[in-house]
Amino acid sequence: QTDTQSQRLDVMSEISAFLVAFADRVVAESFSDEQRQEFIVALALKVADTVQENREDCNGRGEDYKTPFIELLNQRMAEYAEHSFNDMEPGYGFKRHLGNALVGVMGQRHEKYLPAQVIEIELPEALTTMKRAMSSLMGIAFDKDAE
């Protein structure tokens, strides 16, 4: 439950940053450094375009919403890089970091339940969708038995 449309977009920005960081860690295992950089930059710019469009719909035209999102993304990418990622899965700390970032957006009153809800309920569904898309579009195998 968010209080404003702008807050909803802040939540979506945090989730988008998490998913870009997730994609980055996945492709690191199967792409060259050059391919990885090219892919992540293209993905980040596409997501930034979407953020720009959504913010314009919510807050009006005339503002640069891309730059703050790219700054957030760069900050989050550095933070997520400090957490484990094994067997194509983000570790607990990686997931918990998203929960804590969302508490920062939603407010401290959500501190007791939000990180757990993100880790246990929201992320499994989001990661299933993300893995399905990456598998379908890029041929990346997430199931160890499928390799």
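Small disclaimer: the values here were computed from a predicted structure and weren't measured.

J.: Please give an account of the packing of aromatic side chains that cites residues and values.
T.: What characterises a pair of aromatic rings is the spacing of the ring centres plus the angle enclosed by the ring planes. Scanning the entire structure with this criterion turns up 7 aromatic pairs. Relative to F94, the ring of Y80 has its centre 4.8 Å away and its plane inclined at 25°; by these criteria the two rings are stacked. Taken together, the residues Y80 in helix α3 (residues 66–80) and F94 in helix α4 (residues 92–106) connect sequence positions 14 residues apart. With respect to burial, Y80 and F94 carry one shared label: buried. Here the aromatic cluster, defined as three or more aromatic residues joined through ring pairs, consists of F18, F22, Y80, F85, F94 and F142.

J.: Can you break down the packing of helix α2 (residues 33–59) against α3 residue by residue, with the values?
T.: The interhelical angle for the contact between α2 and α3, taken along N-to-C directions, is 135°, at an axis separation of 9 Å. In terms of orientation, α2 and α3 fall into the oblique class. When the axes of α2 and α3 are compared, the crossing they make is right-handed. Where α2 approaches α3, its residues I40, A44, V47, A48, D49, V51 and Q52 are matched on the opposing element by K66, F69, I70, L73 and M77. Among the residues forming the contact of α2 with α3, the class breakdown is 9 nonpolar, 1 polar and 2 charged.

J.: Any chance you could break down the pattern of salt bridges for me, citing the residues and the numbers?
T.: Considering all chains together, one arrives at 7 salt bridges under this definition. One salt bridge connects E14 with R76, and the closest N-O pair in it is separated by 2.8 Å. Here E14, found in helix α1 (residues 5–28), pairs with R76, found in helix α3; they are 62 residues apart in sequence, far enough to count as distant. As far as burial versus exposure is concerned, E14 and R76 are alike and both buried. With its nearest N and O atoms 2.6 Å apart, the salt bridge here joins D49 to K66.

J.: Can you explain α1? Please cite residues and give values.
T.: Its 24 residues give α1 an end-to-end C-alpha distance of 34 Å, which sits within 8% of 34 Å, the value for a rise of 1.5 Å per residue. The element α1 is extensively covered by neighbouring structure, given that 17 of its 24 residues are classed as buried.

J.: I'd like to hear about the packing of α1 against α2, residue by residue, with values.
T.: The interhelical angle for the contact between α1 and α2, taken along N-to-C directions, is 170°, at an axis separation of 10 Å. Classed by the angle they form, the pair α1 and α2 counts as roughly antiparallel. Across from Q5, S6, L9, D10, S13, S16, V20, A23, D24, V27 and A28 in α1, the residues of α2 making contact are R36, F39, I40, L43, V47, V51, N54, R55, C58 and N59.

Cut-off values and rules
Residues numbered from 1 in each chain as written. Predicted model: local features only at pLDDT ≥ 70, side-chain atom pairs only at ≥ 80, totals over all residues. Heavy atoms only, no water. Phe/Tyr/Trp six-rings, centres within 6.5 Å; stacked < 30°, edge-to-face > 60°. Helix = DSSP H or I, 4+ residues; strand = E, 2+ residues; numbered from the N terminus. Buried < 20%, exposed > 50% of the residue type's maximum accessible area, 1.4 Å probe, protein only. Axes fitted to C-alpha atoms, helices over the stretch in contact; angles between N-to-C directions. Parallel < 35°, antiparallel > 145°, perpendicular 65-115°, else oblique. Left-handed = near helix turned anticlockwise from the far one by under 90°. Contact = heavy atoms within 4.5 Å. Nonpolar A, V, L, I, M, F, W, Y, C, P; charged D, E, K, R; others polar. Salt bridge = Lys/Arg side-chain N within 4 Å of Asp/Glu carboxyl O. Expected span 1.5 Å × (residues − 1).

Any functional reading would require information beyond the geometric quantities listed.
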